[in-house]
Amino acid sequence: MGSGEPNPAGKKKKYLKAALYVGDLDPDVTEDMLYKKFRPAGPLRFTRICRDPVTRSPLGYGYVNFRFPADAEWALNTMNFDLINGKPFRLMWSQPDDRLRKSGVGNIFIKNLDKCIDNRALFYLFSAFGNILSCKVVCDDNGSKGYAYVHFDSLAAANRAIWHMNGVRLNNRQVYVGRFKFPEERAAEVRTRDRATFTNVFVKNFGDDMDDEKLKEIFSGYGPTESVKVIRDASGKSKGFGFVRYETHEAAQKAVLDLHGKSINGKVLYVGRAQKKIERLAELRRRFERLRLKEKSRPPGVPIYIKNLDETIDDEKLKEEFSSFGSISRAKVMVEVGQGKGFGVVCFSSFEEATKAVDEMNGRTVGSKPLHVTLGQARRRW
């Protein structure tokens, strides 16, 4: 490419630098309101409010695309935390490549903040240490929750902020400022630390007749307990799990080693270290991610659900029974410990095929049982 020719890649980069992210928007804010708010800063390409792909309800953020980077920069420097529809909004450069955000590099965590410190105050407090990509005080309906995140564009700027601000008193409260840690990392640290010190034991899979006294009788032989509790529902019925807190770690550890897997009244107990909340949340995230990836890998289609399946029906037999109605992307019989649970799912490539299968197969006897067949909701890829 000659020196006098335009650089398309450079032009694209320049265009991206003229786009701003607008966060913390009121649900009633529209594209037209964004346009009117930011048009005085310079010519705009477009504005966009991000919405849920299914419900079309606003997600609380959007984008403003200027024609010229200088205008976007002026808006970022002068309009950040202005009001729109009576609510202050947050501005930051749009980051189409989210690798920096996901890496955590340059991100810091602040806690023990005074309730009166908002996004604007936090931004100006920390902007002295480097260029801020995003800055957010975490809030609920009652206001600030006392902690926040600041993401700098470099690790050096984040380290400067930590060095100068950790332990500083803001509004007579000593704040903690440290490196941001992903939930999985924090959960791993808690898990490692708690394994050597835990005193709280989680117990599940006992009968409905278990009460606090019976549970205490089983566990008190391993050492003095501080509390023993069987968890119950609103009607007072046992939920089948509870907690035992010992005075010492040694007693708790001994109870786990001795009672886990032990059969009591025909029930095999699960006994283990009671997890902290952050560990439970991390585990839920891992499960959700596994399910999301599994769901994503499944072929799209129109599902029908089949109940009252004969015990002899497996995946292949199920597919064979329904294959005459159209193209099947998936046929699955739900099983538990190698035994069919009596229901399954078949996914067809079209709504018409699925409807035909429901019409002709519902009530038909396959094996020794009449089937109950219903139409599911078509899966979509957004």
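Before reading further, recall that the structure is shown in the block above.
Here the structure is a predicted model, which is why all the values come from computation and not from measurement.

Participant: Even after reading the chapter, I still don't get the sheet that holds strand E6 (residues 90–93), so can you show me in this structure?
Facilitator: The strands making up a sheet are joined through hydrogen bonds of the backbone, oriented either antiparallel or parallel. Strand order in the open sheet made by the four strands is E2-E3-E1-E6, with antiparallel pairing throughout. At either end of the open sheet lies a strand with only one pairing partner, and these are strand E2 (44–51) and E6. When the angles between neighbouring strand axes are averaged without regard to direction, this sheet yields 20°. Direction of pairing for strand E1 (residues 19–23) relative to E6: antiparallel, over a ladder of four bridges. Pairing of Tyr21 across the sheet is with Met92, part of E6. Across the sheet, helix H3 (residues 69–79) lies against E1, strand E3 (58–66) and E6, angled at about 145° from E6, the strand it touches most.

Participant: Help me understand the sheet that holds strand E9 (residues 143–152) in this model?
Facilitator: If you walk across this open sheet you meet the four strands as E8-E9-E7-E12, and the pairing is antiparallel. One side of each edge strand has no neighbouring strand; the edge strands of this open sheet are strand E8 (132–140) and strand E12 (176–179). Taking each pair of neighbouring strands and ignoring which way they run, the sheet shows an average axis angle of 20°. For strand E7 (residues 107–111) and E12, the ladder comprises four bridges, and the chain directions are antiparallel. By the bridge assignment for E12, Lys111 is matched with Tyr176. Seen against the sheet, helix H5 (residues 119–126) touches E7, E8, E9 and E12 and runs at an angle of roughly 145° to E8.

Calculation rules
Residues numbered from 1 in each chain as written. Predicted model: local features only at pLDDT ≥ 70, side-chain atom pairs only at ≥ 80, totals over all residues. Heavy atoms only, no water. Pairing = 2+ DSSP bridges. Helix = DSSP H or I, 4+ residues; strand = E, 2+ residues; numbered from the N terminus. Axes fitted to C-alpha atoms, helices over the stretch in contact; angles between N-to-C directions. Contact = heavy atoms within 4.5 Å.

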